[in-house]
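Structure at a glance
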Number of protein chains: 2
Amino acid sequence: MSAARSIAVLGGTGPEGFGLSLRWAQAGETVIIGSRDTKRAQDAAEKIKQRVGASANISGKENIAACDSADLIVFTIPFEGHATLLKQIKPAIRPNSIVIDATVPLAASVGGRATRTLGVWQGSAAQQAAELVPKGVSVVAAFQNLGAELLNAEGPVDCDVIVCGDDPNANPVARSLATKIPGVRAIDGGKLENARILEQITALLIGLNIRHKGHSGIRISGLPPSAYETQ
Amino acid sequence: MSAARSIAVLGGTGPEGFGLSLRWAQAGETVIIGSRDTKRAQDAAEKIKQRVGASANISGKENIAACDSADLIVFTIPFEGHATLLKQIKPAIRPNSIVIDATVPLAASVGGRATRTLGVWQGSAAQQAAELVPKGVSVVAAFQNLGAELLNAEGPVDCDVIVCGDDPNANPVARSLATKIPGVRAIDGGKLENARILEQITALLIGLNIRHKGHSGIRISGLPPSAYETQ
């Protein structure tokens, strides 16, 4: 992955995708905000440019156009649109690109609670993504547990990002993106099948946020220093 | 719950139950180690007495006898024995006592991996317990994510304990037990249905331990100080 990689953040007009785009733009990455609506994507990119400065490498495009020009595709969309969008963008996903899935199958997607998850046949939203991407495209699960409020606030984020995926070449790319966010430690969480646990942790954190009125995150303690990647 | 409460730790001869018994004995609690085998229970109690000192209020009994003399029953047994033991001890559980369930339905219970969980019909081991206890007995889920190695080592434990349960009078009792372990912060995690997430986190932590050669735990960041209970 060259230094000139570009990251398409689908759902980048929503709070989670916007926050990730902001942090990566601040870190000097080239970010393309993807949305169904080009104008909304451009408006979000403009907002980030105002916050980061004119040198920010950020633009806004319609989802398919965003994928078409990106090496990395980050999914930060509500679960109800997950499979549909994957099918739509499939022809636009470049060979050998990486899909980083931050989607959480919250029951809120079907009118239920954000403190509960749906059962996904494949095991997790990320595994559903792995089934839907073209052959040769790797899916990595990450960023589910970083709250949008923390990403959109100033200053470091007091959270670890656990990264799960089956392609040993793709996981480090997602971990390097995680370490671009100040405060975050990236941890290799093993295979993609573990994504189901990461996704459920988000529902737990949402419940804690409601109960205790906070913006919770998780930290993993007790691993050797080599397990925690920072920039 | 009086200061003279006694805690039966079923599975207290295993590493997790032994570690919890040790910590609570060190904190001055009255602990009864429960086992199928009275002699093994007594031996474990003796080991803890040697470590804590002669003043330790600890004894060992067969499981049913242990429940018979306890106000609090802590389950730290492998999932394969969970339902069977609950049925066996059911007549011995005192009315108005509290069952604290630390059981995790690891796939290792059926010859699979300790990094995966089984699907439990009720949603979680703790919810299975809630179905099997006598009416009027409350089940609280807690302590799944405290590794045995950390409990059995010296010094504070770098982990939070999330406590979930449906009885607003029982949850604080489990949280107070958590705060007896140095380093631990107890957090109210809401309803018992959330136990399924706590249980799955254990499988994730076991995977991290294997992958990174550590003794991992979780900390929850970003909640207001009132959410974190310590002694």
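Conventions adopted
Residues numbered from 1 in each chain as written. Chains lettered and ligands numbered in written order. Predicted model: local features only at pLDDT ≥ 70, side-chain atom pairs only at ≥ 80, totals over all residues. Heavy atoms only, no water. Phe/Tyr/Trp six-rings, centres within 6.5 Å; stacked < 30°, edge-to-face > 60°. Helix = DSSP H or I, 4+ residues; strand = E, 2+ residues; numbered from the N terminus. Buried < 20%, exposed > 50% of the residue type's maximum accessible area, 1.4 Å probe, protein only. Lys NZ or Arg CZ within 6 Å of the ring centre and 35° of its normal. Salt bridge = Lys/Arg side-chain N within 4 Å of Asp/Glu carboxyl O. Least-squares fit on C-alpha atoms with pLDDT ≥ 70 in both. Contact = heavy atoms within 4.5 Å. Pairing = 2+ DSSP bridges. Right-handed = clockwise from strand over helix to strand, strands pointing away. Buried area = accessible area lost by both parts, 1.4 Å probe. Polar contact = N/O pair within 3.5 Å; in protein donor to acceptor, adjacent residues only side chain to side chain. Axes fitted to C-alpha atoms, helices over the stretch in contact; angles between N-to-C directions. Core = buried A, V, L, I, M, F, W, Y, C linked by side-chain atoms within 4.5 Å.

With that settled, the discussion passes to the packing of aromatic side chains. Think of a pair of aromatic rings as described by two things: how far the centres are apart, and how the planes are tilted against each other in angle. Residues and elements named next belong to chain A. Applying the stated rule across the entire model yields two aromatic pairs over all chains. The interplanar angle of 75° and the centroid separation of 5.3 Å between the aromatic rings of W24 and F143 together place this pair among those described as edge-to-face. With W24 in helix 1 (residues 15–26) and F143 in the loop between strand 6 (138–141) and helix 6 (148–152), the pair connects residues that are 119 residues apart, well separated along the chain. The pair W24 / F143 is uniform in exposure class, with both members buried. A cation over an aromatic ring shows up here: R185 above the ring of Y228, its NZ or CZ 3.8 Å from the ring centre.

All names here are of chain A. Per the stated rule, a full pass over the model turns up 24 salt bridges over all chains. Ionic pairing is found between R185 and D160, a salt bridge with its closest N-O pair at 2.8 Å. Pair noted here: R185 is in strand 8 (residues 185–188) and D160 is in strand 7 (residues 160–165), with a separation of 25 residues, a long-range link. For D160, a relative accessible area of 2% gives the class buried.

Note on the identical chains: chain A maps onto chain B by a rotation of 180° and an axial translation of 0.0 Å, with an RMSD of 0.0 Å. Given the turn and translation reported, the copies of this chain are related as if by a two-fold rotation axis. Every residue of chain A has its C-alpha some distance from the rotation axis, and the shortest such distance is that of R219 of chain A, at 2.5 Å. Mapped onto chain B, 100% of the interface residues of chain A again fall at the interface, so both copies present the same surface.

Residues and elements named next belong to chain B. Here four bridges tie strand 7 (residues 160–165) to strand 8 (residues 185–188), and the two strands are oriented parallel to one another. Counterpart to D160 in the pairing with strand 8 is R185. Between strand 7 and its parallel partner strand 8, the chain crosses via helix 7 (residues 171–179), and the hand of that crossover is right-handed.

Further remarks concern the interface of chain A and chain B. Many authors give the size of an interface as the accessible area that is lost as the parts come together. The interface of chain A with chain B comprises 38 residues on the first partner and 38 residues on the second. Summed over both sides, the interface of chain A with chain B buries roughly 2,800 Å², with 59% coming from carbon and sulfur. Across the chain A-chain B interface, the total number found is four salt bridges. Put simply, chain A and chain B have 13 residue pairs in polar contact (both at pLDDT 80 or more) between them. Breaking the side of chain A that touches chain B down by element, the ones donating at least two residues are strand 8, helix 8 (195–212) and strand 9 (217–221) of chain A. In terms of residues, the side of chain A that touches chain B owes the most to one element, helix 8 of chain A, which gives 12 residues.

This brings us to unusual backbone geometry. Most peptide bonds take the trans form, and the phi angle of most residues other than glycine is negative. Of note in this structure, N96 of chain B is not a glycine but carries a positive phi near 70°. The topology assignment puts N96 of chain B in the loop between helix 4 (82–89) and strand 5 (98–101).

Residue and element names in this part refer to chain B. Looking at the secondary structure, you find R5 in the segment before strand 1 (6–10). A distance of 2.8 Å separates the side chain of R5 from the side chain of E29, its partner in a polar contact. At 3.3 Å, the side chain of R5 and the side chain of S176 are in polar contact. Those residues in contact with R5 that sit more than four places away from it in its chain are E29, T30, D71, L72, V173, S176, L177 and K180.

Attention shifts here to the pairing of strand 6 of chain A. All names here are of chain A. Of the two faces of strand 6, the one carrying S138 and V140 and the one carrying V139 and A141 are both buried. Looking at chain direction, strand 5 (residues 98–101) and strand 6 are connected through four bridges and run parallel. Looking across to strand 6, one finds that I100 is bridged to V140. Considered for its hand, the β-α-β crossover made up of strand 5, helix 5 (residues 125–132) and strand 6 is right-handed.

A few words on helix 5 of chain A. Note: α-helices contain 3.6 residues per turn, so residues at a spacing of three or four share the same orientation. All names here are of chain A. Among the eight residues of helix 5, six are classified as buried, and the element is accordingly described as predominantly covered. Within helix 5, burial applies to A125, A126, Q127, Q128, A129 and L132. Elements in contact with the buried residues of helix 5: helix 4 (82–89), strand 5, strand 6 and helix 8.

This next bit is on the sheet that holds strand 8 of chain A. Residues and elements named next belong to chain A. Judged by pairing direction, the sheet is mixed, and its eight strands sit side by side in the order 3-2-1-4-5-6-7-8 without closing on themselves. Where the open sheet ends on each side, the last strands, each with one partner, are strand 3 (58–62) and strand 8. Across this sheet, the average inter-strand angle for adjacent strands is 25°, counted without regard to direction. Of the pairings in the sheet, the one linking strand 6 to strand 7 comprises two bridges and is antiparallel in character. In the sheet register, V140 faces strand 7, and the bridge partner there is G165. Contacting strand 1 (6–10), strand 4 (72–75) and strand 5, helix 4 crosses the sheet at an angle of about 160° to strand 4.

Glancing now at the nonpolar core. In a soluble, globular protein the nonpolar side chains are often hidden away together inside. Grouped together as the largest cluster of nonpolar side chains are 82 residues, with contacts concentrated most on L10, F75 and I220 of chain A together with L10, F75 and I220 of chain B. In this view, L10 of chain B contacts G34, N63, A66, C67, I73, V74, F75, T76, I77, L85 and I89 of chain B; residues no more than four positions away in its chain are not counted.

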